[in-house]
Structure formats: structure tokens, C-alpha cells
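Report on the structure
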Amino acid sequence: MGCAALLWGWLLLGCSWGPAPPGVSAAALLTATYVLDDASGPGRQFDGIGAVSGGGATSRLLVNYQEPYRSQILDYLFKPSFGASLHILKVEIGGDGQSTDGTEPSHMHYENDENYFRGYEWWLMKEAKKRNPKIKLIGLPWTFPAWIGKGENWPYDYPDVTAYYIVSWILGAKQYHDLDIDYIGIWNERAFSSKYIKLLRYTLDKHGLQQVRIIASDRLWEPISFVLLLDSELHGVVDVIGAHYPGTKTVPNALLTKKKLWSSEDYSTFNDEVGAGCWARILNQNYVNGNMTSTIAWNLVASYYEELPFGRCGLMTAQEPWSGHYKVEAPIWITAHTTQFTQPGWSYLQVDGHLEGGGSFVALTDGLGNLTIIIETMTHNHSQCIRPPLPHFSVTPQRATFYLKGSFYMVETLQVWHSRLGFESGNSSLFQQLHPVKVWKGSFSLYLNVDEVYTLTTLKTGQKCGCPEPPPPQPFPSNYKDDFNIRNPPFSEAPNFADQTGVFEYFINASDPGDHVFTLRQVVVQRPITWASDADQTISVIGNFQWVNMTLTCDIYIEKQRDGGVFVAGRVDNGGIYVRRTKGVFFWVFADGTYRVTGDLAGEEILMKGLSGVRDNTWHTLTLNIQVRTLAMLNGLDKTVLYY
């Protein structure tokens with residue numbers, strides 16, 4: 001209470017807020033003035049802050065949370081004036097291929113196959129819309145099912161087929177889920193085809209989807225910017241140039257196009273305080289340095305096994321549906337500094353935005369008299385993103401005086417929200433509402449320390465809402481069983497299974513007379529058009545990566561004659577984009593009547609092999625008991641191999 005009383009005393013001066021930083025005299029502080037004026041008209045239109053679900057399978061475990069925890073997580077992400085309050089949700093258009101942390105199922109595994117209920121992105125978009133009807137939706141493919149390429153690992157040889165496939169996804173979103181897709185991308189971080197982009201626009205318009213805008217090319221600023229300047233027809237159909245991990249910089253050609261410029265994928269950083277510092281810096285500086293009017297984080301929520309690539313690189317963490325535990329990480333509250341006090345359609349003010357002592361600020365207005373200023377003073381070592389490398393810079397404590405002119409001159413009070421990332425103390429203060437700043441004759445001053453974020457705004461709608469503490473973390477259950485006995489599953493995948501190559505779906509085997517009516521079936525039999533190095537074998541992972549001793553039992557059924565096969569495995573050490581190099585203990589049986597025990601997914605490290613008597617189109621039970629020695633059992637007959 002003493003601190004609060006002192007703060008109020010400083011504010012009564014009407015022109016400054018906060019003390020000089022500890023150990024720095026007011027006289028020694030660097031001081032500078034900044035003018036915020038809308039008299040010359042607004043700057044670029046703000047398009048919003050968002051996050052990516054996908055690229056891939058990053059929300060996989062979220063759907064398996066029980067209530068009320070699942071709704072709490074969704075509220076922190078999407079509910080206005082609650083937590084991150086995101087303006088944009090970008091989802092992967094599943095293509096059956098590995099896209100970083102897993103595969104996401106396609107709505108069309110095959111040309112004559114359509115199912116708009118596979119996966120969880122439909123559900124996630126509806127949950128986002130339920131909380132914020134104004135949220136913008138983006139779809140982008142990472143991979144494509146094999147039939148698109150007709151035997152080639154390339155989606156552009158038959159652009160009419162690819163356009164039909166993508167437009168079908170958009171139409172299905174509306175027909176089956178009442179979802180309006182606002183933007184569509186081309187092919188994540190891969191080459192673009194001008195012919196395809198033009199045909200995609202034609203196909204969209206042909207199906208009455210004129211409102212769907214095209215983003216290209218979700219890779220780098222070039223060559224798309226240069227090509228747009230040369231090709232007037234292409235220039236006419238691309239609405240947004242989207243670049244990934246631009247390092248807050250753009251290129252001259254992109255500016256010359258006069259297109260909207262977005263950082264359409266950014267962040268991708270471990271979600272501790274350094275990740276929060278990275279996010280705070282680029283949210284401002286993508287506009288200040290690069291004129292980017294939207295920044296989209298990969299990824300939305302770290303809801304995948306942490307040992308997969310880029311563990312905990314989400315705005316928050318929700319990777320334990322079995323316990324209900326989740327964690328609202330610092331990047332959620334850094335996001336709120338912008339999203340809770342702006343909306344797409346607001347405009348940036350025309351101002352340089354660089355602070356004299358290092359750091360940056362942006363100012364936005366709704367054109368109706370409201371003003372929001374976001375200030376960040378992140379230091380170099382405390383704001384490094386995963387990519388690209390960050391050139392050295394310095395930030396020092398400073399005193400900043402802002403002069404409000406034009407329509408803002410009459411502003412008398414600004415609400416204040418503040419975060420300080422506590423790198424030295426380990427105790428961060430996140431998104432705290434402070435006493436309002438009194439604007440005195442059109443000006444106010446702030447003492448800014450390093451690694452801070454301030455929001456000053458005329459809006460009084462900000463809130464830091466909190467749910468009760470979730471349950472404590474727990475490891476994956478040591479005893480786990482699933483018989484897949486569910487007639488109308490809410491999702492196409494079984495809980496906690498994370499597909500890494502191929503797609504495993506619930507399947508009702510109505511012709512089975514016994515215990516195997518309800519099953520989990522791998523349904524992709526052709527290698528998709530890949531984005532990463534998919535394995536040659538299909539694989540889904542589940543459980544604790546730290547398990548050493550275990551017993552796995554699974555009933556299996558080989559559908560493919562002669563060269564079909566199945567494995568169960570433990571001590572699996574890899575997945576995601578590294579799935580091809582996976583090591584572990586793999587017990588294989590094949591339709592030709594043989595078996596193998598290998599130390600890797602590729603099957604190159606053979607520990608044991610022989611005859612099993614297995615045949616296709618009948619059920620068998622496999623048991624893999626991993627201790628100091630490995631015991632593999634088929635229908636009760638054991639095969640033993642020493643494995644250390």
C-alpha cells in the first residue's frame with residue numbers, strides 16, 4: 001500500500017510517471033521528446049496480432065483436455081479483454097504429411113474422398129469464433145495428399161487440381177461449420193507458382209468467394225515482391241505479402257508494391273522470459289522497422305509432447321491433458337499489451353517509433369478519438385528470438401516525454417498497463433494495471449527502465465482475468481489402455497496419440513464378429529507431397545519420452561498382403577521433422593511370416609530376426625517388454641534379445 005500511495009503522489013504532478021530507475025539519478029538519465037499527431041493523416045492500417053495452430057500438429061493435445069480446463073485455455077487465447085485476446089487465428093490445412101511436430105489429416109485423403117470433420121482445426125476455429133466473432137481466420141497448407149501431385153512431389157503441375165482442393169476446404173468450412181475463411185495462403189515456406197495463384201483467385205471468384213484474400217508467399221520477401229512488380233495480373237490478385245521471420249526488416253521491392261506487409265509467421269521461441277522479450281520487441285519493431293501491420297506467432301499453444309521439435313514454443317503451454325495442468329506463460333500477457341487495446345482497422349500514427357535510449361513505441365488510433373501507445377525497452381540478450389540472428393544494440397534507462405497534438409491534444413487521462421521481465425530477480429511483473437497518467441497541457445513523461453512494456457491508452461476495457469489454478473503437473477500415466485471403443489468419437493484421432501508419419505483414425509470394423517469392431521486404423525497408403533522428411537514407415541507416438549522399462553501390448557491387423565507389416569516400439573527418441581532418424585526398440589512383424597527387432601525406425605540396426613508365422617488379414621497380439629533385456633512376444637511366444 002505504501003508503494004501505491006507513492007505512485008499516486010507522483011501522478012498528481014500531472015506530467016510524469018514513475019521514479020528514476022534504481023542507481024540512476026534523474027539528471028543523468030537520457031531524455032528525449034516525441035510528438036504524436038494525426039493532423040497529417042493516419043499511417044498504415046493495423047491488421048491484427050495472431051497465432052498459428054499447425055505446422056504442424058501443435059494443438060494436438062489440447063482437444064483431449066477435460067472441462068473446465070480446456071475452456072479456460074481457450075479463453076486465455078481468444079476471449080476479448082481476458083488474456084491474449086488474439087485478433088487472428090491461422091490454421092494448417094492438413095495434408096497428411098509431417099509439418100514440424102506431427103501430421104494433420106487432409107479433408108481429402110484421396111480424390112473421391114471428402115470429410116470435413118477430420119482433425120481438430122475445425123473445432124478450434126469454431127471455439128475461437130465462439131469467443132470472438134470478429135476474429136480473422138487464415139488457412140495455409142504445409143503438405144498435400146499424394147493425389148494432388150499425381151505421382152510427383154509437387155503441387156503445381158496440375159494447378160487446377162490444387163486450386164479445387166484448397167477451395168473445397170474453404171467451402172467445407174462454411175457448409176459444415178459455418179466458418180468464413182478470411183485469408184488463404186499458397187504453400188508454407190516453399191516455392192510459389194504465379195500461374196497457380198492466378199488460377200486460385202479465379203476459382204475462388206467462380207465459387208462466390210470474392211471476400212477471401214490471398215497471402216503470398218509465406219516465405220521470404222523475395223522473389224514474390226519482385227515478381228509482383230513485373231506481373232500486373234499477379235499484382236492484382238495478391239492482397240498481402242507475408243514473410244516469415246523477417247527480423248523486423250522489409251525490402252524496398254515489398255514497399256514499392258504498396259501491398260499490405262505482414263510477418264505471417266514469427267516468434268517460434270521458447271516461452272520463458274526471453275521468449276516474452278523476443279515477442280515484445282518484434283510486435284512493435286515489425287512495424288517501426290519494417291512497416292508490417294500484422295504479426296502472427298508460431299505457435300498458438302504448445303500442446304504437443306515437449307520432447308518433439310521446438311518444445312514449448314507457443315504463447316502458452318498445455319501439454320498434459322491427462323493431468324489438466326497448463327501454464328499461462330509470459331508471452332500471453334505481452335500479447336495483451338497490444339491486442340486488448342487495439343482492433344484490426346485501427347491505424348498507426350505516422351511517427352518514427354525509435355526511442356533515443358533504445359527500444360521502440362507505436363501509437364494507434366481508431367479515428368474516433370481513442371489512442372493507444374505501446375512502448376518496449378527490451379535489451380539485446382533478453383529478447384533474442386530463435387531466428388534470425390539479432391545484431392547487437394543497446395538499451396539504457398531513459399526519460400521520454402510525449403506531446404499529444406491534433407485530435408489527441410484534449411486527452412486528459414491515459415490508462416496504464418505495465419510489464420517488467422525480471423531476468424535478474426527471476427520475478428516478473430506481468431500486465432499490471434497502474435494508476436492513470438494525467439496529461440498536462442498535451443504532454444506527459446515516463447521514466448523507462450530496461451526490459452519493460454507499457455501500454456498507455458484512452459480505453460478502459462483492459463482486464464487481466466485469471467482462472468483458478470489448474471491441477472499440478474503429472475507424468476503420463478504409467479498404466480494406460482485404450483480399446484478405441486467409441487461409436488461417435490468427437491475427433492477423428494484417439495486421445496494422446498500424436499501421428500508423425502501417416503494418419504491414424506478411428507475405424508468401425510463392422511464386419512468383425514469379435515472384439516475388434518472398434519479400432520484405430522492407419523489410412524494413408526501413398527506418400528503425400530511432403531514439406532519435411534517424412535519417414536518411410538507410418539508412426540504415431542504416445543506417452544512419456546523418459547520411460548525406460550515398459551511393457552507394450554497391442555492387437556494388430558495387417559491389411560496389405562505379402563509386403564505389409566506392423567510394429568510396436570518403446571524408448572522412441574525422436575519425432576516431428578526428425579522422425580526419419582528415430583531410435584528405440586522396434587518389434588516388427590510382416591505379412592510374409594517374418595519378424596524383426598530393430599534399434600531404429602528405418603530398420604537398419606537389426607537386433608534379431610526370424611520366422612513368426614504372422615499372416616495378413618487376421619488379428620495378432622504383439623507384446624514388447626523392455627527391461628535391461630528386451631522381450632518381444634507374438635501371441636504368447638517370446639523372442640528375447642539383449643538391449644542396453
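On a predicted model such as this, the values are computed, not experimentally measured, just so you know. In this numbering scheme, every chain counts its residues from 1 along its sequence in written order. A pLDDT threshold of at least 70 governs which residues receive local features in this predicted model, and a stricter bar of 80 or more applies before side-chain atom pairs are shown or counted, although totals over entire chains, interfaces and linings include all residues. Water and hydrogen atoms play no part in the side-chain values, which are based on all heavy atoms of the structure.

A look at the side chain of Thr519
Take Thr519: it is sitting in strand 23 (residues 518-522). A polar contact is formed between the side chain of Thr519 and the backbone oxygen of Phe507, at a distance of 2.8 Å. What makes two residues a contact is simply this: any of their non-hydrogen atoms within 4.5 Å. Residues contacting Thr519, with those up to four places away along its chain left out, are Phe484, Glu505, Tyr506, Phe507 and Trp619. Segments assigned H or I by DSSP are reported as helices when at least four residues long, segments assigned E as strands when at least two residues long, and all are numbered from the N terminus. Two N or O atoms form a polar contact when they lie within 3.5 Å of each other; inside protein one atom must be a possible hydrogen donor and the other a possible acceptor, and for residues adjacent in sequence the pair counts only when both atoms belong to side chains.

Some words on the confidence of the model for the chain
Taken residue by residue, the chain gives an average pLDDT of 93. The fraction at 70 or more is 93%. The quantity called pLDDT is the predictor's confidence in a given residue, expressed from 0 to 100. Across residues 1-16, confidence stays below pLDDT 50; counting only partners more than four residues off in sequence or on other chains, it has 23 contacts. Every residue in residues 640-644 is under pLDDT 50, and counting partners more than four places away or in other chains gives 20 contacts.

A word on the pattern of salt bridges
We define a salt bridge as a side-chain nitrogen of Lys or Arg found within 4 Å of a carboxyl oxygen belonging to Asp or Glu. All told, the structure shown has 20 salt bridges when counted by the stated rule. For Glu127, the salt bridge identified is with Lys130, shortest N-O distance 3.1 Å. Pair noted here: Glu127 and Lys130 are both in helix 3 (residues 121-131), with a separation of three residues, about one helical turn. Only protein chains enter the accessibility calculation, which uses a 1.4 Å probe; a residue whose area is less than 20% of its type maximum is buried, one above 50% is exposed, and one in between is partly exposed. You can call Glu127 buried: its relative accessible area is 12%.

Comments concerning the side chain of Thr379
Mapped onto the elements, Thr379 comes out in the loop between strand 15 (371-376) and strand 16 (398-404). Thr379 has contacts with Phe393, Val395, Val450 and Asp451, leaving out every residue within four places of it along the chain.

Some words on the environment of Thr248
Checked against the element boundaries, Thr248 lands in the loop between strand 8 (240-244) and helix 9 (252-256). The buried category is assigned to Thr248, whose relative accessible area is 3%. Discounting chain neighbours no more than four positions away, the residues touching Thr248 are Arg281, Ile282, Gln285, Asn286, Asn289, Gly290 and Met292. Reaching out from Thr248, the side chain makes a polar contact with the side chain of Asn289 at a distance of 3.0 Å.

Some thoughts on the UniProt feature "domain: Glycosyl hydrolase family 59 central" (unreviewed entry) in the chain
UniProt positions are given in the numbering used here, feature names are shortened, and annotations may be inferred rather than shown by experiment. Following the UniProt record, one finds the feature "domain: Glycosyl hydrolase family 59 central" (unreviewed entry) at residues 348-463. The distance separating the terminal C-alpha atoms of residues 348-463 is 23 Å; by composition the span is 0% helix and 43% strand.

Describing the nonpolar core
By convention a nonpolar core is built from buried Ala, Val, Leu, Ile, Met, Phe, Trp, Tyr and Cys residues, the set being connected through side-chain atoms within 4.5 Å. Phe78, Leu89, Ile184, Ile197 and Leu200 are the most contacted members of the largest nonpolar core, which totals 135 residues. Not counting residues within four places of it along the chain, the set of residues in contact with Phe78 comprises Ser85, Leu86, Leu89, Leu124, Ala128, Arg131, Asn132, Ile135 and Leu300. In this structure, Ala400, Val416, Val437 and Val439 belong to the second largest nonpolar core, which totals 25 residues.

Brief notes about the UniProt feature "active site" (unreviewed entry) in the chain
The UniProt record marks Glu189 and Glu265 with the feature "active site" (unreviewed entry), using the residue numbering of this structure. In three dimensions, the annotated residues from a span of 77 residues occupy one location, with a maximal C-alpha spread of 9.9 Å. Examined against the element boundaries, Glu189 turns out to sit in the loop between strand 6 (183-184) and helix 6 (194-206). Non-local contacts of Glu189, meaning those with residues more than four positions away in its chain, are made with Ser217, Asp218, Arg219, His244, Tyr245, Glu265 and Trp531. Structurally, Glu265 can be placed in strand 9 (residues 260-267). Discounting residues that sit within four places of it in the chain, Glu265 has contacts with Trp142, Asn188, Glu189, Ala243, His244, Tyr245, Ile296 and Trp298. A distance of 2.6 Å separates polar atoms of two side chains, one belonging to Glu265 and the other to Tyr245.

Quick look at helix 6
Residues three or four positions apart in an α-helix share a direction because the helix packs 3.6 residues into each turn. Taking 1.5 Å of rise per residue, 13 residues should cover 18 Å, and helix 6 covers 18 Å from first to last C-alpha, within 8% of that figure. Along helix 6, the positions that sit buried rather than exposed are Ser194, Tyr196, Ile197, Leu200, Arg201, Thr203 and Leu204. For helix 6, the elements touching its buried residues are helix 5 (159-177), strand 6, strand 7 (213-219), helix 7 (224-230) and helix 8 (232-237). Once helix 6 finishes, Gly208 follows within two positions and takes phi at roughly 75°, a positive value. To estimate how far a helix should reach, multiply one less than its number of residues by 1.5 Å.

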